[in-house]
Amino acid sequence: MSEEKSIEEVSKIELKEGEIDLSGDGRVSKLILKEGEGDETPQDGCRVSLHYTGKLTNGTQFDSSVERNEPFEFDLGKGSVIKAFDMGVASMKKGEKCVLTCGSEYAYGEAGSPPNIPPNATLLFELELLGWKGEDLSPRKSDGIIRYTIVKGTKKGSPKEGSFVKIKLKGTYEGRVFEEREVEFNIGEGLEQNIVDGVEIALEKFKEGEKSRLEIAAEYAFGAEGNKEFGIPAGATVNYEVELLTFEKVKNSWELDDAEKLEQATLLKEQGNKYLKESKLLLALKKYNRAKGYLTGFVNETDAVKQLQIAVHSNLSLLYQKQNNNDEVFANCNKVLELDPKNVKALYRRGMVRITTQDFEQAIADFNAILEVEPNNKAAQNQITIAKHHIAEYKKKEKKLYSNMFTKFATRDKNAEDEAKKGLPDVMNSKFGEWNAEEREREPTKFEQENPDVLMLNGSSKEFQNM
């Protein structure tokens, strides 16, 4: 292990001795001051944390996270820092300290960064890599799938839904290996080979030849149930080491002509039908959704395309109905009915969604539309009866509610009137028109103020007094 040196010492020596050329042209170089730990280095997408001190070649310091006592963090390889920083940090191990020499074309170039960095300036950075967090590959960026690259891939492109892949994987939990194998499958059908979702999702970001360690949360692994066979408890985060050996590229839908898109969508629909018959509902759902993706952007939408669209959306509505996903059932039924307004299955499923959401009037409209096509459809007739019963029950409850409300209001007003009358004189037990001193001094009650006719009858008005 080399003895730790200061940036001042390094800047005074010839920076060719012991340097590592990172840019290939000698304009970005690294001199290690302190070796790091292990073999892993951060990869593009990782969130890195480090300390730095930046100086000009004359020794003038222009910035330091050390003096602020605040580590600097950024996403590696995303262009959020100067190019030399991305290059230098990507070559470092955890705990490593180095001096990075950055030619101006890999730093701030001809413009510089006024007022501290002049134009065309070569910069020196002393870096200490504190650590990093792997790249988050989870769909909602919830830290559910974190990747740490061990070996970078060698070719461009990545697998996508439908790609045939061949991988090696090793699963571990708390340091114990629970599975290790080589396996082949199509992306989107990993469930057939007991591949957890987290591995499938991550593979769509792999390059051929890549080897990475994945930290996979329960949501994308074995869920709330765990896995008894592997000894994985409920809610456990597991690790997988995955190597992508090879994969078959799949064309995007926009790369295909109409005939090719129709052929691909038909194949996926048939595969979905197969999984549906086998009650492999998640696999069927994936196939139908992929088929849907190929059924757009046709130059000429033939009747064959229309019929395939109807079949795919109809089967999607069925699968989402089994999942109690009313929004998706409704959306797919609407798509079917755009293409075929008299489609009985779509009308029935949409009507059932409306029953569930208590939109009874619209539900009856859907079921009546079925009866226009099939007058003897018993299921539709039964649902109309059920919907009308719900409407009648609602009206009955509404009537009772309003009846109770009016009774309460009447009782309240009666009680208020009785309470107000308590302060009035008893005219039946006194001589009519008799007005004593107490009554002359008394202020009118609230009830009397609001009811002047009553006030007159009780002889409380000035006019009555003066008669």
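Higher on the page you've got the structure.
Quick summary incoming for the structure in this document. (Residues numbered from 1 in each chain as written. Predicted model: local features only at pLDDT ≥ 70, side-chain atom pairs only at ≥ 80, totals over all residues. Heavy atoms only, no water.)

### Quick notes on the sheet that holds strand β11 (residues 176-186)
A sheet is described by the order of its strands in space; here six strands give the open sequence β8-β9-β12-β13-β10-β11, paired in antiparallel fashion. Of all strands in the sheet, those with a lone pairing partner are β8 (135-136) and β11, marking the two edges. The pairing of strand β10 (residues 164-173) with β11 spans 10 bridges and is antiparallel. In the strand pairing of β11, Phe164 is matched with Asn186. (Pairing = 2+ DSSP bridges. Helix = DSSP H or I, 4+ residues; strand = E, 2+ residues; numbered from the N terminus.)

### As for the pattern of salt bridges
Tallied over the entire structure, the rule returns 23 salt bridges. For the salt bridge of Glu73 with Arg47, the shortest nitrogen-to-oxygen distance reads 3.7 Å. Of this pair, Glu73 sits in strand β5 (residues 72-75) while Arg47 sits in strand β3 (residues 47-56), and the two are 26 residues apart along the sequence. A residue is classified by how much of its surface remains accessible, and Arg47, at 36% relative accessible area, is partly exposed. A salt bridge links Asp366 to Arg350, with the nearest nitrogen and oxygen atoms 2.8 Å apart. Within this pair, whereas Asp366 is found in helix α10 (residues 360-373), its partner Arg350 is found in helix α9 (residues 344-356), the two being separated by 16 residues in sequence. Taken as a pair, Asp366 and Arg350 share a single burial class, namely buried. (Salt bridge = Lys/Arg side-chain N within 4 Å of Asp/Glu carboxyl O. Buried < 20%, exposed > 50% of the residue type's maximum accessible area, 1.4 Å probe, protein only.)

### Details of the packing of aromatic side chains
Using the criterion set out here, one finds 13 aromatic pairs in the structure. Ring geometry for Phe85 and Phe125: centres 5.0 Å apart, planes at 85°, overall edge-to-face. Of this pair, Phe85 sits in helix α3 (residues 83-90) while Phe125 sits in strand β7 (residues 123-133); the two residues are 40 residues apart in sequence, bridging distant segments of the chain. The pair Phe85 / Phe125 is uniform in exposure class, with both members buried. With a centroid separation of 5.2 Å and an interplanar angle of 40°, the aromatic rings of Phe178 and Phe230 are classed as tilted. Within this pair, whereas Phe178 is found in strand β11, its partner Phe230 is found in the loop between β12 (211-216) and β13 (238-247), the two being separated by 52 residues in sequence. These aromatic residues form a ring-pair network of at least three members: Tyr52, Phe62, Phe72, Phe74, Phe85 and Phe125. Directly above the ring of Phe298 sits Lys261, whose terminal nitrogen or CZ lies 4.8 Å from the centroid. (Phe/Tyr/Trp six-rings, centres within 6.5 Å; stacked < 30°, edge-to-face > 60°. Lys NZ or Arg CZ within 6 Å of the ring centre and 35° of its normal.)

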